Structures are given as C-alpha cells and as structure tokens.
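Survey of secondary and tertiary structure
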Amino acid sequence: MNGKTVLITGAAQSQGRSHAVAMAEAGADVIAVDSCTQLDFVPYRMGTAEGLAETAQLIEDAGGRVYAAQVDVRDRAGLDAALDAGVERFGGVDAVVANASICTVQPYDEVTEQIWQTTLDVNLTGVWNTCAASIPHLDAAGGGNIVITGSTASTVGLPFYTPYVAAKHALVGLCRSLALELANRNIRVNMINPTGVDTPQGHSAVLPELLAERPDLGPIFMNSLPVQRIDASDVTKALMFLASDDARYITGITLPVDAGSTIR
C-alpha cells in the first residue's frame, strides 16, 4: 500500500482502527471518518471524537499521514466533502474500506421502526453512500478497489439479528453488482465476512439470555475452529490482501474469515 490513499469508515475504534493503523504501517495515507455519535438504542459503546483522534495519532505514529473527519455514513454530502478534502490533501483515493455499521440484538417482535430503519440506513445505505461517493475518485485515479465489511450474517440467517442480517445479506448483491459494473474501469469490489469479532459490537449481554430460552438455536452461533471470537487483526489481514495489488484479479467475492462457522 506504499504511496496509496485509503478511505476507512467507522475508524474511531475496533476493526476500523485496526485497518487504519495497518494501512499506515504498510505505507498508506488514510482518510479516516466516523460519526462519533452514540445512538440511544445501540447497547454498546460507539466511536467517539476522542477515539477518532486517537486513531489519527496511531496512524501518524505508524508513519502515515491522516485526514480525519466526523462524518455519518448516512450523510452523502458529508462524505463527499470529507473525500474532497482528503483528495485535495493526498492527491487521490486508491482503496475504500466500507466498514461502518451498527448492531442490535432482540426478538423480531421487539424490532422497532427506528431500529429497523436506522440499521438499514447505516449498514446498507451507508455502504452505498461510501461507494457512490468514492467511485468517481477511484475512476479518476485509473482504478482501485472497494472492500465492504460483511458478516457471517451476509451468508446465513442469525436469529435475533433480523435488521442486521437483512442489511448484511443485501451487501452481497451490492458487492457483486458493483463489481460487474466497475470492472471495465479497473475498480475491484469485494467483501469480507467475519464471524463474531472481539470488539464492543461483537459482545451482547442479551444473546445468552435469548439462547437460554431457545437452546435449539445456539449451535448457529458456534464456530468450527476452537475460538469463540476472532480478533480485529484477523479481519485486517484479509483486508490487506484484498486491498493490495496481490489481489489484482480478484473481484466480486465474499471472503469468509469465520472460523468455519458457516460450514456447519
């Protein structure tokens, strides 16, 4: 990634931060964005302005340059402005990591209109906004690539995660369709589908209680390999491959980093 510029959404913590620091260590400049807001129905700690500033410092400590902006991926105009500012500073964009997402856990009949719509707005429309804002810059650079953060929920149904699963399933179609349309512009589009990751989003206090009432559903959440959750760095390593020139002929794929959970 030496000499390249990467846009990463959801960069204030967790997977986004891991990706950003690794990109900087590999020689990239980073446009790091995060909403830095807490949605009241999301049960875990979301990214903060302080967290985004810490990510920016870690990028600089790793030898990279950074442009950081507080932008909600639901805000297309805000994404356009952040990208324009980053491109003006670094000269272009070569890779895009559409990582920002939210997750809640509840039975289907406790899914409110707000939970449903906001989850789709962030996890699906937010990825679309990220892609749509970035494609003209990738095209101007003569090509590049987009990597979308999916989930095992992009592949199989997960009970009690209905809005999240709906959005993550839809991202598969988005990835494949864009990969086809953009192939003649030398823009690759791929997805990474991790199992549960050891981040604030990856832990739920509610799920064990729900599975205690429905033990028949418990095996759906089991990995085949003997690990309960993977590390953010495991996802980062897959990303670094897909975003690099080593994957120059790979497009339209959904790469599982799921400890064998979806082959059970």
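The paragraphs below set out a description of the structure included in this document.

Observations regarding the environment of Pro-43
Relative to the assigned elements, Pro-43 resides in the loop between strand E2 (29–34) and helix H2 (49–61). Residues Pro-43 and Gly-260, 217 residues apart in the sequence, show an inter-C-alpha distance of 27 Å. Other than its neighbours up to four places away in sequence, Pro-43 contacts Cys-103 and Thr-104.

As for the nonpolar core
Formed by 53 residues in total, the largest nonpolar core has its most connected members in Ile-31, Ile-102, Ile-146, Ile-148, Phe-160, Tyr-161 and Val-189. At nine residues, the largest contribution of residues to this core is made by helix H5 (residues 162–182). With residues up to four places along the chain from it excluded, the contact list for Ile-31 reads Thr-5, Val-6, Leu-7, Ile-8, Tyr-67, Ala-82, Leu-83, Gly-86, Val-87, Phe-90 and Val-93. One finds Ala-11, Val-66, Ala-232 and Val-257 within the second-largest nonpolar core, a separate group that totals 31 residues.

Some words on H2
The end-to-end C-alpha distance of H2 is 18 Å, a good match for the 18 Å that 13 residues give at a rise of 1.5 Å each. Restricting attention to buried positions, one finds in H2 the residues Gly-51, Leu-52, Thr-55, Ala-56 and Ile-59. Burial along H2 is one-sided: seen end-on, the buried residues are contained in an arc of 145°. Along H2, exposed side chains directed more than 90 degrees from the buried face belong to Glu-50 and Asp-61. On its buried face, H2 is in contact with helix H1 (14–25), E2 and strand E3 (66–70).

About the thresholds
Residues numbered from 1 in each chain as written. Predicted model: local features only at pLDDT ≥ 70, side-chain atom pairs only at ≥ 80, totals over all residues. Heavy atoms only, no water. Helix = DSSP H or I, 4+ residues; strand = E, 2+ residues; numbered from the N terminus. Contact = heavy atoms within 4.5 Å. Core = buried A, V, L, I, M, F, W, Y, C linked by side-chain atoms within 4.5 Å. Buried < 20%, exposed > 50% of the residue type's maximum accessible area, 1.4 Å probe, protein only. Expected span 1.5 Å × (residues − 1). Arc of directions from axis to C-beta.

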